[in-house]
Amino acid sequence: MSAAGLLEGRRICICVGAGGVGKTTTAAAIGIGMAKRGKRVAVVTIDPARRLANALGLEQLDNEPVRISAAALERLTAPDEPPLSGELWAMMLDPKQTFDELIDRLSPSPQRAAEIKRNGVYQQLSSAVAGSQEFTAIEKLYELAEADFDLLVLDTPPAHSAAEFLNAPGRLSAFLGGGALQVLLRPAGLGMRLLGVGAAPLLKALRLVTGVDLLSDLTAFFGLLGGMTEEFNARALRVQDLLRSDQTAFLLVTSAQDRPIEEAVWFRQTLRERGMPFAGAVVNRVNAPVPRGEVPLDLPTGPAFPPDLAARLDACLADHAVLAQRDATNIERLRTAFAGEPILLVPELAVDIHDAEGLLAIHRELFDE
Amino acid sequence: MSPELFSHRLIFVTGKGGVGKTTVALALGLAAAAAGRRTIVADIQGSGEQQEAELAPGLFRLSVDPQSAMDEYLLVKVPGPAAQLLRQSRLFAAFAMATPGMRELLCMGKLWELAQFERRTPDADAYDLVVVDAPASGHGAAILRTPRTFADIAQVGPIAHQAQTIAATLRDPEFTAVVAVSTAEEMPVNETLELRDALATGPDPLELQAVILNARYPDRFTTAQASAIAAALARTPAPADGVRSALSVALTEHARARREAAQAQRLSAAFGPRLLTLPYLFEPAIELPQLRRLAAELSP
Ligand SMILES: Nc1ncnc2c1ncn2[C@@H]1O[C@H](COP(=O)(O)OP(=O)(O)OP(=O)(O)O)[C@@H](O)[C@H]1O
Ligand SMILES: Nc1ncnc2c1ncn2[C@@H]1O[C@H](COP(=O)(O)OP(=O)(O)OP(=O)(O)O)[C@@H](O)[C@H]1O
Ligand SMILES: [Mg+2]
Ligand SMILES: [Mg+2]
């Protein structure tokens, strides 16, 4: 199976995985591969390494996809290959900007939007708070889903585990949707009566715990949002629909170490339970099998090549054989657990992954070229 | 590792995702425990040990989750019926969990509590040292700032008071140390330097007490040897697959070691003697015996 087969019929590919496993690299390589197959592709990257961005021809945070220039594309095709038949677009997500634009779009007036952006709670929310990257990434995806691309490839923010990406945006939208808080702030609200709790003592207790000013800050914030909270809620639901749609593919990127593999199995289960479409896994940086006992000893001899070189080579091979064995065992476990679901293997490459050549190399592995 | 690090009461271990924060936090914990300090390694993912559990003699582990941190806080801090009311109120839980920064504040509160000689948790013993397996740098730096932010926002009331106390503890360099973990790769090094700058700015500037370069690849071959290996590879005819891939493994390792050397140089230029290096361990998994090997390198 190659990445192309795995993405057959999908319009959205979301690359998820733990920190540093290769999500951004994979997202970029998939974009290249699908553009080579004639698709009009947009890749939304998050915090790419500078040189990786440069390899894609991206210079700065730029909140709309830009079409990759012919010059950059030329570097992304091997010398013996025809030029890309599709289109490759890419962008680096700017979370704050995306959040601001969302407020602009949903606000009843520019004045209101400006007031919201000045609000302290909003400023926290849109920059400092954990989850704002995830929330805005999804927001961007939702926006671009309307645009005329055959495929959107979404990179996801560094997280402790792949599941973060599923949970974090929900927490933020729940807050923006304001359900719990709004009921609290409307003292005689229906919610209170339903809960069978007098509002006054609850509010008093809440003040006691949180301090008055925090509460009034929040009150002011939700006062400003007003009817927009409903729009946030409705949007959150539509986003969920989009993520669950069968045009979407979650692609899990993982390493072959034992805990990441366990997590991969667990993540696939989680997606299932949430009714989200799992497309398969990319096991990245797999260590190639190491043949032992066949080391050639016809290395030059002489002062520049001390006799211990062979011994050193052997020690090196012994060490890497351990990793290769580890990876093979873990991949086998993954195969068993996945029972036929696609697993793509990408080896640990010697080249520098951050330049065009590196991206091409990864792309060849993913697309079986 | 200078003995000074272990004389702190609270060590925050942060760094880019996947660089080895958990591994290093545990290794530091083992080293401290071996030096006779009763130590707990705590994370705030809330998915591990829910109770303080002993991992090795003198070394404990706990996974703090915001919900139980909040329950505990309400129980101890809020008098009688109000606490009862709040704890039972699902609305309040939803409110607290959804309020930006509140989860983080609650977790920080629990970490702070662990580091007190007078624990407010009933029947709990005191620790000499709390090692925090903190979230990745961006979030890690934010979380260190949460108490101060809350203290500023809330100003009055018990949360503000609590936040002020915690913030004071965090900015006390005798009490709290921040340690960054990095690997010798471009992005982790960038992030370490950014973390240093982010910590240095703002109302309560902090300094990185130590930077741990983790999982450093061995630099086994000299450039001349690598060329000899490359030449041997060029001489070896294609059918000799075993031989060829053996030589490639050595060259791949060499290439990585060279790339790492350049990145390690950046760290060493920035942090000098505060930089410590841990080797890459070629092992099927990193468990207690391997952690002990790393701890030995970190021992005071
Ligand atoms: N197959 C590979 N062989 C060698 N190095 C690789 C490979 N894939 C990725 N890398 C390297 O791993 C590092 C992390 O890659 P990348 O930035 O794509 O990960 P990420 O999952 O996006 O990280 P983050 O969670 O920080 O966003 C990079 O330095 C990259 O060069
Ligand atoms: N010195 C080392 N040698 C070899 N492998 C290591 C070393 N340090 C860590 N690892 C391995 O690297 C992987 C990542 O390490 P670890 O889980 O400690 O990172 P982390 O920074 O806590 O990750 P996360 O950001 O996901 O919490 C683990 O599989 C671990 O076993
Ligand atoms: Mg990335
Ligand atoms: Mg960890």
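Quick caveat, the model's predicted, so the values are computed rather than measured.

1. Some words on the overall build of chain A
1) Next: Counting its regular elements, chain A contains 17 helices and eight strands.
2) Next: Taken across its 369 residues, chain A has 54% of its residues classed as buried.
3) Next: Within chain A, residue pairs in contact and separated by at least 24 positions form 79% of the contacts whose partners lie at least 6 positions apart.
4) Next: Looking at chain A as shown, the accessible area adds up to about 15,300 Å², and 53% of this sits on carbon and sulfur atoms.

2. Looking at the packing of helix H15 (residues 258-273) of chain A against helix H16 (residues 308-338) of chain A
Residues and elements named next belong to chain A.
1) Next: The N-to-C vectors of H15 and H16 enclose an angle of 10°; their axes lie 10 Å apart at closest approach. If you check the angle between H15 and H16, you find them roughly parallel. Taking contact as the criterion, the partners of Asp-258, Ile-261, Glu-262, Ala-264, Val-265 and Arg-268 in H15 are, on H16, Asn-330, Arg-333, Leu-334, Ala-337 and Phe-338.
2) Next: Of the residues belonging to the contact of H15 with H16, the class tally is six nonpolar, one polar and four charged.

3. Side note on the pattern of salt bridges
Residue and element names in this part refer to chain A.
1) Next: Per the counting criterion, the structure on display carries 34 salt bridges over all chains.
2) Next: Residues Lys-140 and Glu-64 are paired through a salt bridge, measuring 3.4 Å at the closest nitrogen-oxygen approach. Taken together, the positions of Lys-140 in helix H8 (residues 132-145) and Glu-64 in strand S3 (residues 62-67) put the pair 76 residues apart, joining distant regions of the chain.
3) Next: Ionic contacts of the salt-bridge type, sharing partners, join the residues Glu-64, Arg-105, Glu-139, Lys-140, Glu-143 and Arg-235 into one network.

4. Notes on the site of ligand 1
1) Next: Surrounding ligand 1, one finds 18 residues, the nearest of these being Gly-20, Lys-23, Thr-24 and Thr-25 of chain A together with Lys-16 of chain B.
2) Next: Note that an oxygen atom of ligand 1 is positioned 3.2 Å from one of the backbone N or O atoms of Val-21 of chain A.
3) Next: Contact with the protein chains covers 92% of the free accessible surface of ligand 1, which is 630 Å².
4) Next: Per-element accounting of the shell around ligand 1 gives the leading share, three residues, to helix H2 (residues 23-36) of chain A.
5) Next: The residue inventory of the shell around ligand 1, partitioned by class, reads seven nonpolar, seven polar and four charged.

5. Points about H16 of chain A
1) Next: Counted at 1.5 Å a residue, the expected span for H16 of chain A with its 31 residues is 45 Å, and the 45 Å between its end C-alpha atoms agrees.
2) Next: Two residues or fewer past H16 of chain A, Ala-339 of chain A is found with a positive phi of approximately 40°.

6. Concerning the site of ligand 2
1) Next: Around ligand 2 there are 16 residues in total, and His-160 of chain A together with Lys-21, Thr-22, Thr-23 and Leu-281 of chain B lie nearest to it.
2) Next: In this structure ligand 2 sits where residues from chains A and B come together.
3) Next: At 2.5 Å, a side-chain N or O of Thr-23 of chain B approaches an oxygen atom of ligand 2.
4) Next: Bound to the protein, ligand 2 loses 89% of the 630 Å² it would expose on its own.
5) Next: Of all the elements in the fold, those that place two or more residues in the shell around ligand 2 are helix H2 (21-34) and strand S7 (208-216) of chain B.
6) Next: Of the residues forming the shell around ligand 2, the biggest block, three residues, is contributed by H2 of chain B.

7. Considerations on the packing of aromatic side chains
Residues and elements named next belong to chain B.
1) Next: In the structure shown here, the tally under the stated rule is nine aromatic pairs over all chains.
2) Next: Ring centres 5.6 Å apart and planes at 65° place the aromatic pair Phe-60 and Tyr-127 in the edge-to-face group. In this pair, Phe-60 sits in strand S4 (residues 59-63) while Tyr-127 sits in the loop between helix H6 (102-114) and strand S5 (129-133), placing the two residues 67 residues apart along the sequence. Judged on exposure class, the residue Phe-60 and its partner Tyr-127 are both buried.

8. What about the side chain of Thr-26 of chain A?
All names here are of chain A.
1) Next: Along the polypeptide, Thr-26 turns up in helix H2.
2) Next: For Thr-26, a relative accessible area of 2% translates into the label buried.
3) Next: Among the polar contacts made by the side chain of Thr-26, one reaches the main-chain carbonyl oxygen of Gly-22 at a distance of 2.6 Å.
4) Next: What Thr-26 contacts, discounting residues up to four positions off in sequence, is Cys-15, Leu-251, Val-253, Val-282 and Leu-366.

9. What to know about the nonpolar core
Soluble globular proteins: nonpolar side chains tend toward being buried together.
Residues and elements named next belong to chain B.
1) Next: Judged by nonpolar contacts, the single largest core of 50 residues is most densely connected at Leu-10, Phe-12, Leu-111, Leu-114, Leu-199 and Leu-208.
2) Next: The element best represented in this core is H6, accounting for eight residues.
3) Next: Look past the residues within four positions of Leu-10 in its chain and what remains in contact with it is Leu-111, Ala-115, Leu-129, Val-130, Val-132, Leu-170, Phe-175, Thr-176 and Ala-177.

10. Things to note about the side chain of Thr-176 of chain B
1) Next: Inspection of the secondary structure assignment puts Thr-176 of chain B in strand S6 (residues 176-182).
2) Next: A polar contact of 2.9 Å, which involves the side chain of Thr-176 of chain B, links it to the backbone oxygen of Thr-169 of chain B.

11. Some details on the pairing of strand S2 (residues 40-45) of chain A
Residue and element names in this part refer to chain A.
1) Next: The buried count for S2 comes to five of six residues, which makes it a mostly enclosed element.
2) Next: Summarising the sheet, S2 and strand S4 (residues 87-92) pair through six bridges and their orientation is parallel. Paired with Arg-40 across the bridge in S4 is Glu-87.
3) Next: When S2 meets strand S5 (residues 151-155), the two strands line up parallel, connected through four bridges. The residue bridging Val-43 from the neighbouring strand is Val-153, located in S5.

12. Overview of the confidence of the model for chain B
1) Next: Of the residues in chain B, 88% have a pLDDT of 70 or more, and the chain-wide mean is 87.
2) Next: Interface confidence in the predicted complex, given as ipTM, is 0.87; pTM for the same model is 0.87.

13. Comments concerning helix H14 (residues 228-244) of chain A
Think of an α-helix as 3.6 residues a turn; residues three or four steps apart then line up on the same face.
Residues and elements named next belong to chain A.
1) Next: Over its 17 residues, H14 extends 24 Å from the first C-alpha to the last, a length consistent with the 24 Å expected when each residue adds 1.5 Å.
2) Next: When H14 is considered as a whole, its buried residues turn out to be Met-228, Thr-229, Phe-232, Arg-235, Val-239, Leu-242 and Leu-243. Looking straight down H14, one finds that the buried residues subtend no more than 125° of arc, so they occupy a single side. With respect to the buried face of H14, the exposed residues turned more than 90 degrees away are Glu-230, Leu-237 and Asp-241.

14. Things to note about the sheet that holds strand S8 (residues 343-347) of chain A
Sheets are built from strands paired through backbone hydrogen bonds, the pairs being either parallel or antiparallel.
Residues and elements named next belong to chain A.
1) Next: Taken in spatial order, the eight strands of this open sheet run S3-S4-S2-S5-S1-S6-S7-S8, and their pairing is mixed. The two strands at the open ends of the sheet, each matched to only one other strand, are S3 and S8. For this sheet, the mean angle separating the axes of adjacent strands, direction not counted, is 20°.
2) Next: In terms of strand pairing, strand S1 (residues 12-16) meets strand S6 (residues 248-254) through five bridges, oriented parallel. Its bridge partner being in S6, Cys-15 is matched across the sheet by Leu-251.

15. Notes on the packing of helix H5 (residues 95-106) of chain A against H14 of chain A
All names here are of chain A.
1) Next: Between H5 and H14, whose axes approach to 11 Å, the crossing angle comes to 120°. Here the hand of the crossing between H5 and H14 comes out right-handed. Residues Leu-102, Ile-103, Arg-105 and Leu-106 of H5 pack against Met-228, Glu-231, Phe-232 and Arg-235 of H14.
2) Next: Along the lines of polarity and charge, the residues of the contact of H5 with H14 split into five nonpolar, no polar and three charged.

16. Quick notes on unusual backbone geometry
Residue and element names in this part refer to chain A.
1) Next: One non-glycine residue, Arg-285, lies in the positive phi region at around 60°.
2) Next: Turning to its location among the elements, Arg-285 is positioned in strand S7 (residues 278-286).
3) Next: The class of Arg-285 is partly exposed, set by a relative accessible area of 29%.
4) Next: In this structure, Ala-339 takes a positive phi of about 40° despite not being glycine.
5) Next: A residue is classified by how much of its surface remains accessible, and Ala-339, at 64% relative accessible area, is exposed.

Reading the values: rules and limits
- Residues numbered from 1 in each chain as written.
- Chains lettered and ligands numbered in written order.
- Predicted model: local features only at pLDDT ≥ 70, side-chain atom pairs only at ≥ 80, totals over all residues.
- Heavy atoms only, no water.
- Helix = DSSP H or I, 4+ residues; strand = E, 2+ residues; numbered from the N terminus.
- Buried < 20%, exposed > 50% of the residue type's maximum accessible area, 1.4 Å probe, protein only.
- Contact = heavy atoms within 4.5 Å.
- Areas by Shrake-Rupley, 256 points an atom, 1.4 Å probe, with all protein chains shown as cover.
- Axes fitted to C-alpha atoms, helices over the stretch in contact; angles between N-to-C directions.
- Parallel < 35°, antiparallel > 145°, perpendicular 65-115°, else oblique.
- Nonpolar A, V, L, I, M, F, W, Y, C, P; charged D, E, K, R; others polar.
- Salt bridge = Lys/Arg side-chain N within 4 Å of Asp/Glu carboxyl O.
- Near = heavy atom within 4 Å.
- Polar contact = N/O pair within 3.5 Å; in protein donor to acceptor, adjacent residues only side chain to side chain.
- Expected span 1.5 Å × (residues − 1).
- Phe/Tyr/Trp six-rings, centres within 6.5 Å; stacked < 30°, edge-to-face > 60°.
- Core = buried A, V, L, I, M, F, W, Y, C linked by side-chain atoms within 4.5 Å.
- Pairing = 2+ DSSP bridges.
- pLDDT = per-residue confidence, 0-100.
- Arc of directions from axis to C-beta.
- Left-handed = near helix turned anticlockwise from the far one by under 90°.

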